[in-house]
Amino acid sequence: MGIDETSIEESVPVLDPRVIVALDYASKKQALEFVAEVSPEVCKLKIGKELFTRTGPTLIDILVSKGFDVFLDLKYHDIPNTVKRAVYAAGQLGVWMLNVHALGGYSMLLAAREGIDMIGTHRPYLIAVTLLTSQSQEDLDQLGVDQEVPEFIDRLADLAISAGLDGLVCSAQETATLRHRLGKTAILVTPGIRPAGTAAHDQQRTMTPEQAVASGSSYLVIGRPITQHANPAEALSVINKSILD
Ligand code: C5P
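Residues numbered from 1 in each chain as written. Predicted model: local features only at pLDDT ≥ 70, side-chain atom pairs only at ≥ 80, totals over all residues. Heavy atoms only, no water.

Peer 1: So what's going on with the site of the ligand? Residues and values would help.
Peer 2: Near the ligand, the surroundings consist of Ala 22, Asp 24, Lys 46, Thr 133, Pro 191, Arg 194, Gln 203, Val 221, Ile 222, Gly 223, Arg 224 and Pro 225. Arg 194 places a side-chain nitrogen or oxygen 2.8 Å from an oxygen atom of the ligand. Taking Arg 224, its side chain carries an N or O atom lying 2.7 Å from an oxygen atom of the ligand. For the ligand, whose accessible area on its own is 460 Å², the fraction buried by protein is 80%. Using a 2 Å cut-off from the grid points, one finds that the ligand occupies the largest pocket. Among the elements of the structure, β8 (219-222) and α11 (224-227) are those that each provide at least two residues to the shell around the ligand. (Near = heavy atom within 4 Å. Polar contact = N/O pair within 3.5 Å; in protein donor to acceptor, adjacent residues only side chain to side chain. Areas by Shrake-Rupley, 256 points an atom, 1.4 Å probe, with all protein chains shown as cover. 1 Å grid on protein atoms, 1.4 Å probe; cavity = no way out; pocket = protein on both sides within 12 Å on 5 of 7 lines; lining within 4 Å. Sits in = over half its atoms within 2 Å of the grid points. Helix = DSSP H or I, 4+ residues; strand = E, 2+ residues; numbered from the N terminus.)

What follows is the structure, given as structure tokens:
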């Protein structure tokens with residue numbers, strides 16, 4: 001049998017893949033059909049509210065047992081005790097990363113950190129969402145927050161890091177400022193990524209994977225450019241090659 005050089009090249013493993021594929025599917029079946037196309041050596045996987053609400057922890061169990069790093073993107077925001085218990089419960093599922101809303105406030109962030117610490121040495125990374133990228137100055141004004149969006153994001157970022165969180169979800173546009181502000185160790189996870197020449201879909205201000213990494217992003221959340229590609233493994237491989245260190 002002849003050697004297919006393309007497939008060999010495409011299967012080159014990437015140590016600690018930087019790409020987190022957003023599994024924005026409505027069913028476990030669809031998600032698993034996609035997952036069959038990739039491997040833990042080339043990407044991590046993100047499960048959000050829709051898929052988790054439909055599949056529950058079962059899908060996480062399957063993905064973790066296949067060796068994938070799973071980012072559980074449920075953005076907890078509740079009273080501190082509830083968040084602490086939810087974070088602990090999520091950590092026990094074996095996920096690699098999970099998140100909370102920094103808007104829950106300092107006590108809630110501290111409680112989330114306590115919940116993570118209860119898991120022990122193999123704890124997941126705990127990161128915070130500052131402002132949603134869908135939120136504008138108008139939203140802050142309506143909420144009675146008397147600050148400009150960039151300053152408010154910095155404030156929430158500082159609050160999360162000072163409560164002991166590992167990092168933040170941030171837009172591509174915020175990454176460079178936050179990297180500068182928070183230093184090397186903070187984990188910055190960036191959605192809104194589009195390889196050059198691909199459709200933006202509903203994302204307003206996008207960056208290429210290369211630009212995002214150059215700005216200081218630690219991990220890139222990418223959905224449709226990979227999941228809706230005719231050949232997801234190939235789309236992922238091209239992205240991985242473009243950001244090889
Ligand atoms: O398909 P696409 O690459 O746009 O998917 C991006 C993923 O990142 C989606 O799961 C979306 O919900 C998530 N996300 C985002 N913008 C944020 C936070 C999360 O696009 N500010």
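So that's the structure; there's more coming.
Peer 1: Tell me about a negative patch on the surface, residues and numbers included.
Peer 2: The grouping of Glu 138, Asp 141, Asp 146, Glu 148 and Glu 151 at the surface amounts to a negative patch. Relative to the elements of secondary structure, Glu 151 occurs in helix α8 (residues 149-162). According to the relative accessible area criterion, Glu 151 is partly exposed, its value standing at 39%. (Patch = residues over 30% accessible without salt bridge, like charges linked within 9 Å, V, L, I, M, F, W, Y side chains within 5 Å. Salt bridge = Lys/Arg side-chain N within 4 Å of Asp/Glu carboxyl O. Lys, Arg positive; Asp, Glu negative; His and termini not counted. Charge placed at Lys NZ, Arg CZ, Asp CG, Glu CD. Buried < 20%, exposed > 50% of the residue type's maximum accessible area, 1.4 Å probe, protein only.)

Peer 1: I'd like a description of unusual backbone geometry, backed by residues and values.
Peer 2: Positive phi outside glycine occurs at Lys 75, with the angle close to 45°. Mapped onto the secondary structure, Lys 75 falls in strand β3 (residues 70-76). In this model, His 201 sits at a positive phi of 55°, which is unusual for a non-glycine residue. Mapping His 201 onto the fold places it in the loop between β7 (187-190) and α10 (209-215).

Peer 1: So what about the sheet that holds strand β4 (residues 97-101)? Which residues, and what values?
Peer 2: The strand order around the closed barrel formed by eight strands is β1-β2-β3-β4-β5-β6-β7-β8, and the pairing between neighbours is parallel. Recorded for the sheet is a direction-independent mean angle of 25° between the axes of neighbouring strands. Across three bridges, the pairing between strand β6 (residues 167-169) and β7 is parallel. Residue Leu 168 lies in a different strand from β7, and its bridge partner there is Leu 188. Contacting β3, β4 and β5 (125-129), helix α6 (residues 106-117) runs over the sheet at an angle of about 160° to β4. Sheet contacts for helix α9 (residues 172-182): β6 and β7; angle to β7, the most-contacted strand, approximately 175°. (Pairing = 2+ DSSP bridges. Axes fitted to C-alpha atoms, helices over the stretch in contact; angles between N-to-C directions. Contact = heavy atoms within 4.5 Å.)

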